[in-house]
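# Breakdown of the fold
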Amino acid sequence: MTKLRLSVLDQTPVGEDHTPDQALRASVDLARAAEDLGYTRYWVAEHHDSPGFASSAPEILAGALLARTSRMRIGTGGVLLPRYEPAKVAEVFGVLASLHPGRVDLGIGRAGGPARDFPQRLAELRELLGEGGVVPRAPVPPRMWLLGAGRESARLAGLLGTEFAFGHFFSPVGGQQAFEDYRARFRASTGDRPGGALAVRVVTADSAGRAEELAQSMLLWRARKDLGQDGPLPSYETTRRHRWTGAELERAKVHRTALVSGAPEQVGPVLSALAASHGVDELIINTLTCDPADRRRSYEILAEAFALPAAHPEPAAVGSA
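The following paragraphs examine the structure supplied in this document. Within each chain, residues carry numbers counting from 1 in the order of the written sequence. Only residues with pLDDT of 70 or above have their local features reported here, since the model is predicted, and side-chain atom pairs are shown and tallied only from 80 upward, although totals for entire chains, interfaces and linings are computed over all residues. Computation of side-chain values covers all heavy atoms of the structure but excludes hydrogens and water.

### Points about the overall build of the protein
Counting secondary structure elements, the protein contains 11 helices and 10 strands. Computed over the C-alpha atoms, the radius of gyration of the protein is 19 Å, within 12% of the 20 Å expected from 2.2 N^0.38 for a compact globule of 321 residues. Burial analysis of the protein (321 residues in total) assigns 51% to the buried set. Working definition of accessibility: Shrake-Rupley area with a 1.4 Å probe, residue cover restricted to the visible protein chains. Here the protein displays about 14,500 Å² of accessible surface, and carbon together with sulfur accounts for 53% of that area. Helix and strand definitions here come from DSSP, where helices need a minimum of 4 consecutive H or I residues and strands a minimum of 2 consecutive E residues; each element is numbered from the N-terminal end. Here the globule rule is a power law, 2.2 Å times the number of residues to the power 0.38, and the radius of gyration is based on C-alpha atoms. Accessible area is worked out with a 1.4 Å probe on protein chains only. A residue is then buried under 20% of its type maximum, exposed over 50%, and partly exposed in between.

Next up, the structure:
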């Protein structure tokens, strides 16, 4: 049986009483920790005009993370292609991949603008990253991923021969069918082995009680966002004092189905079963907490639970500060 790999999808969450610049620095710290913990890849998301996320320029953040790590793959989850010219995206990632060969992932999303010409823009981008494309052309081009939560994106990824990540935390149903479509069309178009990963929202802690506290805070934030009250992630203290409305409880119940939470012995089997049912050997873990320390601890616990091949930090050079 193939060993399950874990990766990170970081939306750079901003907690209450925290600032966006603190959230960005927390992402840098978490990426360095994730590399030492044995995570396979680290993706940063793209969000705009949201008080709860500081990740508005993933290509910039990815560059900073590449410069501060040395082994783990770094990329985007993902660049919102309808907002940009494919040539510019290709040039940016050509530079990143030239500076950090073999370590760059280019994850692409279809949100952010009119999607009617998205397949054409995606095909153009793929061509630009290939032979005879934009300058600089990296010796090892970035690995291209299409991100989606439905069968249409899966089919497109298969036809273009890109890798595919399904957003379980957007849509906890339909993933199996999406991967079936992806694999069938990938084989028909190229004959190579298709890659795939499942993006799952997870929160765990040293106890089931603490994990539930963190889950409640995330669910309150998500319920409020659905109801037009977008803001930073609330602390547990705020959540504990909050008097939930009926509408908030209903929205929280909906989002609970897309959240895996609990103590390590609870979440481990659930995550393994999700990977098996979707036929993937990689889970991309998304964790949202108010306090960066809780988020980091959640990733540490998962690394321990799945026995990731932890990398030991390289020793400092003699005489270094």
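### Notes on the side chain of Arg41
Considering the arrangement of structural elements, one finds Arg41 in strand 2 (residues 41-44). Judged by its relative accessible area of 2%, Arg41 falls in the buried class. Whether two residues are in contact is decided by their heavy atoms, any of which lying within 4.5 Å being enough. Excluding anything up to four places from it in sequence, Arg41 contacts Arg5, Ser7, Val8, Met72, Arg73, Asp105, Arg143, Trp145 and Glu282.

### Overview of the nonpolar core
We call a set of buried Ala, Val, Leu, Ile, Met, Phe, Trp, Tyr and Cys residues a nonpolar core when their side-chain atoms join them within 4.5 Å. Leu6, Tyr39, Tyr42, Ile108, Leu125, Leu283 and Leu302 are the most contacted members of the largest nonpolar core, which has 60 residues in total. The biggest single contributor to this core is helix 3 (residues 86-99), with five residues. Excluding residues that lie within four positions of it along the chain, Leu302 makes contacts with Leu6, Tyr39, Val202, Thr204, Val267, Leu271 and Ile285. With 14 residues, the next largest nonpolar core counts Phe53, Ala211, Ala215 and Leu259 among its residues.

### So, the pairing of strand 6 (residues 143-148)
The buried fraction of strand 6 is high, at five of six residues. We treat two strands as partners when DSSP finds at least two bridges between them. One ladder, built from four bridges, connects strand 5 (residues 104-109) with strand 6; its direction is parallel. By the bridge assignment, Gly107 is partnered in strand 6 with Trp145. In terms of handedness, the path from strand 5 via helix 4 (residues 118-128) over to strand 6 forms a crossover that is right-handed. As paired strands, strand 6 and strand 7 (residues 163-167) are joined by four bridges and run parallel to one another. Bridging across to strand 7, Leu147 finds its partner in Ala165. We call a crossover right-handed when, viewed with the strands running away from us, the connection from the first strand over the helix to the second turns clockwise. Since strand 6 and strand 7 lie parallel, the crossover through helix 5 (residues 151-160) that links them has a hand, and here it is right-handed.

### Here's the deal with the packing of aromatic side chains
The geometry of two aromatic rings is summed up by the distance between their centres and the angle between their planes. Between the rings of Phe, Tyr and Trp (Trp by its six-membered ring), a pair exists once the centres lie within 6.5 Å; its type follows the angle of the planes, with under 30 degrees stacked, over 60 edge-to-face, and the other angles tilted. Per the stated rule, a full pass over the model turns up eight aromatic pairs. Each ring, one from Phe164 and one from Phe179, has its centre 5.5 Å from the other, and the planes form 70°; the classification is edge-to-face. Here Phe164, found in strand 7, pairs with Phe179, found in helix 6 (residues 175-189); they are 15 residues apart in sequence, far enough to count as distant. Since its relative accessible area comes to 0%, Phe164 is described here as buried. The class of Phe179 is buried, set by a relative accessible area of 0%. Among the aromatic residues, ring-to-ring pairing joins Phe164, Phe166, Phe179, Tyr182 and Phe186 into one connected group.

### Digging into the environment of Pro139
As for its position among the elements, Pro139 is in the loop between helix 4 and strand 6. Sequence-wise, Pro139 and Ala97 are 42 residues apart; in three dimensions their C-alpha atoms are separated by 7.9 Å.

### A closer look at the packing of helix 1 (residues 20-37) against helix 11 (residues 292-305)
Axis definition: a line fit to C-alpha positions, over the contact stretch in the case of helices; interaxial angles, taken between N-to-C directions, run 0 to 180 degrees. The interhelical angle for the contact between helix 1 and helix 11, taken along N-to-C directions, is 15°, at an axis separation of 11 Å. Considering their axes alone, helix 1 and helix 11 lie roughly parallel with respect to each other. As for how helix 1 packs across helix 11, the hand of that crossing is right-handed. Across from Ala26, Ser27, Asp29, Leu30, Ala33 and Leu37 in helix 1, the residues of helix 11 making contact are Pro292, Arg295, Arg296, Tyr299, Glu300 and Ala303. These descriptions rest on fixed angle ranges, namely under 35 degrees for roughly parallel, over 145 for roughly antiparallel, 65 to 115 for roughly perpendicular, and the rest for oblique. Note: crossing handedness is left-handed where the near helix turns anticlockwise from the far helix by less than a right angle, and right-handed where it turns clockwise.

### Quick notes on unusual backbone geometry
Gly77 connects to Gly78 through a cis peptide bond whose omega is -5°. Within the secondary structure, Gly78 is located in the loop between strand 3 (73-76) and strand 4 (79-80). Backbone geometry places Asp49, a non-glycine residue, at a positive phi of 55°. Tracing the backbone through its elements, the reader meets Asp49 in the loop between strand 2 and helix 2 (58-68). Asp49 gets classed as exposed once you look at its relative accessible area, which sits at 82%.

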